[in-house]
Amino acid sequence: MTAIPQERRVVTAIPGPKSVELQARRLAAVAAGVGSTLPVFTARAGGGIIEDVDGNRLIDLGSGIAVTSVGASAEAVVRRASAQLADFTHTCFMVTPYEGYVEVCEQLAELTPGDHAKKSALFNSGAEAVENAVKIARAYTKRTAVVVFDHGYHGRTNLTMGMTAKNMPYKQGFGPFAPEVYRVPVAYGYRWPTGAENAGAEASAQAIDLINKQIGAENVAAIVIEPVLGEGGFIEPAKGFLPAVAQFAKDHGIVFVADEIQSGFCRTGQWFACEDEGIVPDLITTAKGIAGGLPLSAVTGRAEIMDAAHAGGLGGTYGGNPVACAGALGAIETMRELDLNGKAKRIESVMKGRLAEMQAKLPNGDIIGDIRGRGAMIAIELVRSGTTEPDPQAAAALAKACHAEGVLVLTCGTYGNVLRFLPPLVIGEDLLNEALDVIEQAFATV
């Protein structure tokens, strides 16, 4: 494993000539529907840096969409996955099992909220985890309806597209979608009509009223929500919202599912974001940060719910692949040893402080309508000056300006107007501050 110098370096245009050449090959061979935020081709990555084929080093504020929280070449992930790779790559856990799968499930039982008996099942992707959580909830409750929320994102498979709120680019032209999915309001404080201070109580009352009137609580198998909504714009539901919805689920025998695919594994400064208000979900779905970049996901939950599906009803050829399980054990080892929850909290402190300064001192600072998020899951919502009208053009222009200077940032949000920051939790503070300098300069040019 080669250590990558932890410094920004821009030696060509972004993208450079070798990336441009590779992009031409990509356009000829890769389906057009697979997009890229920035067509620079990676040669190596680690810590807070992505080095491209032209020798540029970009500061990484994306972590492969919250995946490489421990860095893209973490020593423990590489060591454990390499050892497993040499032993065997696959047997299929459903044919002949192996210890790594069991050990990951034991770690999940220990780390996830609640002291009840827990079991897990492992899969490949976040969408697969969500689909299986719905299957398990339906098997347990003998009900069919699934409740999801405005601005929610749950995946790109047929069922999870139906569960996802945003049409473009996730759903357009891909229907019809799976039935028995119902959407209710979420407490989006910045945009709540009567103010953020009322959002928690009012949105939960509205959601519960709609469930009772339009579906019937007795027909609901699962309520599925991201404790911090990811693609929808890094929305933290206003305080009181999640506890009220979780209590309603408990009172009516509904399985409460926390989708922690983007927010889990130290990303928000806690092992899981639902811990912030003391939520103990019945089921929790994880992926992204779980395995240091290797494809792995999980559903973890109350043993009696997890055991509701009949033998053979859960699984998949690659689910819980042994190399990915080894990577997960390495990622968890790194999170513990380096106290990445503490690192995430420090990132929040630095980023929110600097972003608030920008908002206050920049001539165009009022286009930052909201600064929000927790840990290393921070966002700014961009609006037209003097209004709360979403400004996706500003978000795109800022991202482009950052990319040109060697800082990789991502956008998101139902309205496309949110700049989101997901740095690796191992990023150096000097590098983080340098990235924020570039962001501040980008604001001055937009």
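Residues numbered from 1 in each chain as written. Predicted model: local features only at pLDDT ≥ 70, side-chain atom pairs only at ≥ 80, totals over all residues. Heavy atoms only, no water.

(A) Highlighting helix α4 (residues 99-111). With 13 residues, α4 should cover 18 Å at 1.5 Å per step; its first-to-last C-alpha distance of 18 Å lies within 8% of that length. Of the residues making up α4, those classed as buried are Tyr-101, Val-104, Cys-105, Gln-107, Leu-108 and Leu-111. Each buried residue of α4 sits inside an arc of 160 degrees when the element is viewed along its axis, so together they form one side. The exposed set on the far side of α4, more than 90 degrees from its buried face, consists of Glu-99, Glu-106 and Glu-110. Tucked inside the fold, the buried residues of α4 contact β4 (118-123), β9 (283-286), β10 (297-302) and α10 (322-337). (Helix = DSSP H or I, 4+ residues; strand = E, 2+ residues; numbered from the N terminus. Expected span 1.5 Å × (residues − 1). Buried < 20%, exposed > 50% of the residue type's maximum accessible area, 1.4 Å probe, protein only. Arc of directions from axis to C-beta. Contact = heavy atoms within 4.5 Å.)

(B) Seen up close, the packing of helix α7 (residues 196-215) against helix α8 (residues 241-251). Packing of α7 against α8 brings their axes to within 8 Å, and their N-to-C directions diverge by 25 degrees. When the axes of α7 and α8 are compared, the pair comes out roughly parallel. Both α7 and α8 take part in a crossing whose hand is right-handed. Contact residues: α7 offers Gly-200, Ala-203, Ser-204, Ile-208, Ile-211 and Asn-212, while α8 offers Phe-241, Ala-244, Val-245 and Phe-248. Residue composition of the contact of α7 with α8, grouped by class: 7 nonpolar, 3 polar and no charged. (Axes fitted to C-alpha atoms, helices over the stretch in contact; angles between N-to-C directions. Parallel < 35°, antiparallel > 145°, perpendicular 65-115°, else oblique. Left-handed = near helix turned anticlockwise from the far one by under 90°. Nonpolar A, V, L, I, M, F, W, Y, C, P; charged D, E, K, R; others polar.)

(C) Spotlight on the sheet that holds strand β7 (residues 220-225). Strand order across the open sheet formed by 7 strands is β4-β10-β9-β8-β7-β5-β6, with mixed pairing between neighbours. At either margin of the open sheet sits one strand with a lone partner, and together these are β4 and β6 (181-184). Shown here is a sheet whose adjacent strand axes are inclined to one another by a mean of 20 degrees, direction ignored. Relative to strand β8 (residues 255-259), β7 runs parallel, the two being bridged by 4 bridges. Residue pairing across strands places Ile-223 opposite Phe-256, the latter belonging to β8. Across the face of the sheet, α4 comes into contact with β4, β9 and β10 while running at roughly 130 degrees to β4. Together, β5 (145-149), β7 and β8 form the strand contacts of α8, whose direction differs from that of β7 by roughly 165 degrees. (Pairing = 2+ DSSP bridges.)

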